[in-house]
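A look at the structure
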Amino acid sequence: MNTAKEYATVTPIPGIARLDALTYRIPDGHRDSLETGMRVVVPVGRRQVTGIVTEVGTDAPMDFEIRDIGDILDDEPVVTAELLSLARWMASYYAAPLADVLSLAVGRGLTASTKKVARLVDATLVRSERDSEIVRTLEEMGGAADIQKLTRALSFKPDSTLTTLAKRGTISIAHELEQPSVRAKLETIVEIIKIPDADEIDALFSRSPKRRQVFEYLLGQPARTASTSEITELFSSSTPQIAALEAAGLVKRTQSEVYRGLHFEREEDRPIVLSDAQSSAIDAVTGSLGSFDTFLLQGVTASGKTEVYLRIIREVIDRGGSALVLVPEISLTHQVVARLVARFGPTVAVLHSELSAGERWDQWRRICRNEAQIAVGARSAVLAPLTNLQVIIVDEEHDGAYKQDDRVRYHGRDVAIMRARDAGCPIVLGSATPSVESWRNATTGRYKHLILPERVTARQLPTVEVVDLRGRDLVARGGFSEHLEEQMIANWQRKGQTLLFLNRRGFASSLMCYECGVSASCNACSVGMTLHRDNKRLQCHHCDATRKIPETCTECGADALTAQGLGTQRLEAKVRQLLPEAIIGRLDRDTAGRKGETGRIMSAWRAGAIDVLIGTQMITKGHDAPGVTLVGVIQADLALAVPDFRAAERTFQLLTQVAGRAGRGEDRGRVIVQTYQPDHFAVAAAAHHDFEAFAQQEILEREDLGYPPYTRMSMLRVEGLDEDLVRRLATAAVKKLDALARKTDGALIVRGPAPAPIERVKNRYRYQIQLRSADAQLARHAAAQCRDQLADDARRAGIRLLVDIDAVDML
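The text that follows walks through the structure, step by step, so that each part is easy to find. (Residues numbered from 1 in each chain as written. Predicted model: local features only at pLDDT ≥ 70, side-chain atom pairs only at ≥ 80, totals over all residues. Heavy atoms only, no water.)

Moving on: the layout of surface pockets. Estimates place the volume of the second largest pocket at around 1,200 Å³. Of all the secondary structure elements, the ones that give two or more residues to the lining of the second largest pocket are helix H10 (276-286), helix H11 (305-318), helix H12 (330-344) and helix H18 (597-606). Sort the elements by how many residues they give to the lining of the second largest pocket and H12 lands first, with five residues. Here the lining of the second largest pocket is composed, by residue class, of 15 nonpolar, 12 polar and 18 charged. (1 Å grid on protein atoms, 1.4 Å probe; cavity = no way out; pocket = protein on both sides within 12 Å on 5 of 7 lines; lining within 4 Å. Points joined across faces, edges and corners; volume = space filled by probe spheres on them. Helix = DSSP H or I, 4+ residues; strand = E, 2+ residues; numbered from the N terminus. Nonpolar A, V, L, I, M, F, W, Y, C, P; charged D, E, K, R; others polar.)

If you walk across this open sheet you meet the four strands as S31-S32-S30-S33, and the pairing is antiparallel. What marks the edges here is a single partner per strand, and that holds for strand S31 (749-761) and strand S33 (800-805). Averaged over all adjacent pairs, the angle separating strand axes in this sheet is 20°, with direction ignored. Inspection of the sheet shows S31 paired to strand S32 (residues 764-773) by seven bridges, in the antiparallel sense. By the bridge assignment, Arg 760 is partnered in S32 with Tyr 765. (Pairing = 2+ DSSP bridges. Axes fitted to C-alpha atoms, helices over the stretch in contact; angles between N-to-C directions.)

What follows concerns the environment of Val 336. Residue position: Val 336 is located in helix H12. For Val 336, a relative accessible area of 17% corresponds to the buried category. The sequence separation of Val 336 and Gly 669 amounts to 333 residues, and the corresponding C-alpha distance is 23 Å. Excluding its chain neighbours within four sequence positions, the residues that come into contact with Val 336 are Val 325, Val 327 and Val 376. (Buried < 20%, exposed > 50% of the residue type's maximum accessible area, 1.4 Å probe, protein only. Contact = heavy atoms within 4.5 Å.)

Now for the pairing of strand S28 (residues 628-633). Across the six residues of S28, six count as buried, placing the element largely inside the fold. In this sheet, S28 lies alongside strand S20 (residues 497-501) in parallel orientation, the contact comprising five bridges. Across the sheet, the residue bridging to Leu 500 is Gly 632, located in S28. Each parallel crossover has a hand, and the one from S28 via helix H19 (residues 647-659) to strand S29 (residues 670-675) is right-handed. (Right-handed = clockwise from strand over helix to strand, strands pointing away.)

Turning our attention to unusual backbone geometry. Omega for the bond connecting Pro 708 with Pro 709 falls within 30 degrees of zero, at 15°, which places this linkage in the cis form. Tracing the sequence through the fold places Pro 709 in the loop between helix H21 (691-705) and strand S30 (712-720). Residue Pro 753 is bonded to the preceding Gly 752 through a cis peptide linkage, with omega at 5°. Tracing the chain through its elements places Pro 753 in strand S31.

Let's shift gears to the side chain of Arg 211. With respect to the secondary-structure elements, Arg 211 resides in helix H7 (residues 209-219). Among residues more than four places away in sequence, those in contact with Arg 211 are Leu 204, Phe 205, Gln 241, Ala 244 and Leu 245.

A word on empty space enclosed by the protein. Within the structure shown, the criterion is met by four cavities of 30 Å³ or more. The volume enclosed by the largest cavity comes to roughly 80 Å³. As for the largest cavity, its lining consists of Thr 306, Tyr 309, Leu 310, Ile 313, Val 325, Val 327, Val 336, Arg 339, Leu 340 and Asp 395. Sorting elements by how many residues they give to the lining of the largest cavity places H11 first, with four residues.

What follows deals with the sheet that holds strand S11 (residues 251-258). Spatial ordering of the open sheet is given by S10-S9-S11, a layout of three strands whose pairing is antiparallel. At either margin of the open sheet sits one strand with a lone partner, and together these are strand S10 (225-227) and S11. Taking the axes of each pair of neighbouring strands and ignoring which way they run, one obtains an average angle of 30° across the sheet. The pairing of strand S9 (residues 185-192) with S10 spans three bridges and is classified as antiparallel. Considered in S10, the bridge of Ile 189 is made with Ser 227. Along the sheet, H7 contacts S9, S10 and S11; its crossing angle with S9, the most-contacted strand, is approximately 95°.

One finds Met 90 and Ile 392 to be the most contacted residues of the largest nonpolar core, which totals 76 residues. Ignoring anything within four residues of it in the chain, the contact list for Met 90 reads Ala 95, Val 101, Leu 104, Leu 383, Tyr 410 and Val 415. Residues Leu 587, Met 602, Val 631 and Phe 652 belong to the second largest nonpolar core, which totals 37 residues. (Core = buried A, V, L, I, M, F, W, Y, C linked by side-chain atoms within 4.5 Å.)

As a further point, take the packing of H7 against helix H9 (residues 239-247). Packed helix pairs are characterised by how far apart their axes lie and by the angle those axes make with each other. In contact at an axis separation of 9 Å, H7 and H9 are set at 75° when each is read in the N-to-C sense. Looking at the two axes, H7 sits roughly perpendicular to H9. Together, Lys 210, Arg 211, Val 214 and Phe 215 of H7 and Gln 241, Ile 242, Ala 244 and Leu 245 of H9 make up the contact between the two elements. The class makeup of the residues in the contact of H7 with H9 is five nonpolar, one polar and two charged. (Parallel < 35°, antiparallel > 145°, perpendicular 65-115°, else oblique.)

The subject of this paragraph is the packing of aromatic side chains. Each aromatic ring pair is summarised here by two numbers: the centre-to-centre distance and the angle between the ring planes. Tallying each qualifying case throughout the model produces 10 aromatic pairs. Measuring from centroid to centroid gives 5.7 Å for Phe 205 and Phe 215, while their planes differ by 40°, and the two rings are tilted. Taken together, the positions of Phe 205 in helix H6 (residues 198-205) and Phe 215 in helix H7 put the pair 10 residues apart, joining distant regions of the chain. The two residues Phe 205 and Phe 215 agree in class, both being buried. Ring centres of Tyr 217 and Phe 235 lie 5.8 Å apart, and the angle between their planes is 70°; this geometry places the pair in the edge-to-face category. Taken together, the residues Tyr 217 in helix H7 and Phe 235 in the loop between helix H8 (228-234) and H9 connect sequence positions 18 residues apart. Here the aromatic cluster, defined as three or more aromatic residues joined through ring pairs, consists of Trp 439, Phe 652, Phe 681, Phe 691 and Phe 694. (Phe/Tyr/Trp six-rings, centres within 6.5 Å; stacked < 30°, edge-to-face > 60°.)

Attention shifts here to helix H16 (residues 482-493). Its 12 residues place the ends of H16 17 Å apart at the C-alpha level, agreeing with the 16 Å of an ideal helix rising 1.5 Å per residue. For H16, the full list of buried residues reads Leu 484, Glu 485, Gln 487, Met 488, Ala 490 and Asn 491. For H16, the secondary structure elements touched by its buried residues are S20, helix H17 (568-578), S28 and S29. Lys 495 occupies a position one or two residues after H16 and carries a positive phi of about 70°. (Expected span 1.5 Å × (residues − 1).)

Written out as structure tokens, the structure reads:
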């Protein structure tokens, strides 16, 4: 029997194929300090990689040589036992490697790994032009280089030449460990340790008034300490003065960890009188604290859902617990954080992808150390290391952004429900337009249904007008019907703010030649390229490839190129033409790409500093600007053309959400919806603010077609560079799945294989197979089992087999 705590199980990050758990010997001196959830550096083959300790005190396999853990990176766990349990569930449920799940929590900036490095040893030992090119390149790179970078810098593939040079002694090749790029930020602190007597004061300060100033400044601080950066900012050339004080034994300098500063907008926290419906919702949730319950908080736009969240969180904090708040988009984080900071101060931590790796690490450790009791962020914040978790809030629970579309294809809302169950705490799913799945769970009693039927402070819902675009050329008019154009101008003259929604960024959706009819398309994807006037480029919105706008048609050479369709840039140009004196803003992925830009735009919008804001779906969610009195939906039916059974649901949600931005102040709002399908039930229901009518119609269609929520759906996607190989492997997968389906007596439905609606992305052909079953486990296991059975064939053919459990993206 092995000695207790002599061995540990480690999951390497990034993951090693088929190796989610490896056993290592714990070095002497660390057997009492190593804990589950710490990061360590371990050898894997000839490499050194970061891993997370997933078990301490494991038995060693009898038939393997056990290697030692190389280094321990943490003094305290960065992954709690609760999170490790949740990560294991995610790996199992979403058919993903545990290493990939843990990397969502830890982040790539916190991993150490080795890289293969070539170092120049003797530049004279060259015998060919290729030898000389490698030596010259290494010299230009400082005598050493990562082999991947070296290869990119050379004019040929150097594999065999590098091997020869290493054997000859011209270069050395070795795996070298790179430390994590993110570390704790340290600052030097100066502290008074002795008060000088009169003689010492005269000797030290008589000829150095600046030294006296520095010392007196320290003396005046509450703890008689200050950072060197603070002192230097106040007193120029202070470094020698601090050194002299230290030499005299009056002060000492120490290194202290500091957090990288985050600057949050802070809203005024005004007292709010609750409605009866809000009070009932708060009482229901706080009455469940200490036990697991799922609540669907369904409230019309501006019904005060955020205040309900804040009151529940206040009760949790008063009880000594912690709270997790999820929002679907980073753009929403800013406003939610502003409300939380105004109410709860510095106890709020933020986790989202707009933070730098160092900022995220600091926020993570604040939570680990219980310095923050509230964590707020987008999807991945569901893995925040909170302890004593007593409530989880998922705002805009219906939003598709909660579903990750690569690596671990998890749904943040569903993982949050599982985390609440494990923690034994209530979870609140909030939305004005809940997903059909959540609404059915609430109406059938699986969730508790809380309803906020009216806007707060007796504000009325906005009036909605539908403009029938049939028979009109919307593009020729720059996106505006005569009615919307007139109302926007009149609203500006009344000093009201206008919000214009078009869910398509860029200037135009395509660039077409009217002589030969050919549109500019992406070379790597089976889609057209979008025209962007801001940077004078064509861009693919699937692989981000760009190229210059051609002067003539690349197909026929004619000078006959014309922009087709509408985008937010084109709409902005039209608004500037109609309102040359107005202040115009635009919020889409192009403008939001710069750090902090989303927060800046939304702050100006809420403050009334922008007259007209144009945007994509980023502007439809949760933003509260009291000056908005007109909302214009440029083309309401764009989403209805998408080949997806959720197209009507998404259309209804977007229209209802964007309409809800209007009339949140003193004046009643007005919404103008332009559409080519005014009779579609999703458009009609949104125009009447009638969720119930929409949901009843939608649920009947789902039941007839056997779609969720009546079944659970998994997708098996087959992707590769060779279309024929992809199709053949997809066909082989369907044969296996059909054989399995026959054994289930119709419980498993297999559809496909079929090319994806967007057949090629980044030069990879894409086929997909849809699996549906009322038995969630059956659909999941069938997809994962088929993937595993064909894994070797796929690997040999260079094909990816991807499993998407509870798929949201049908494209």
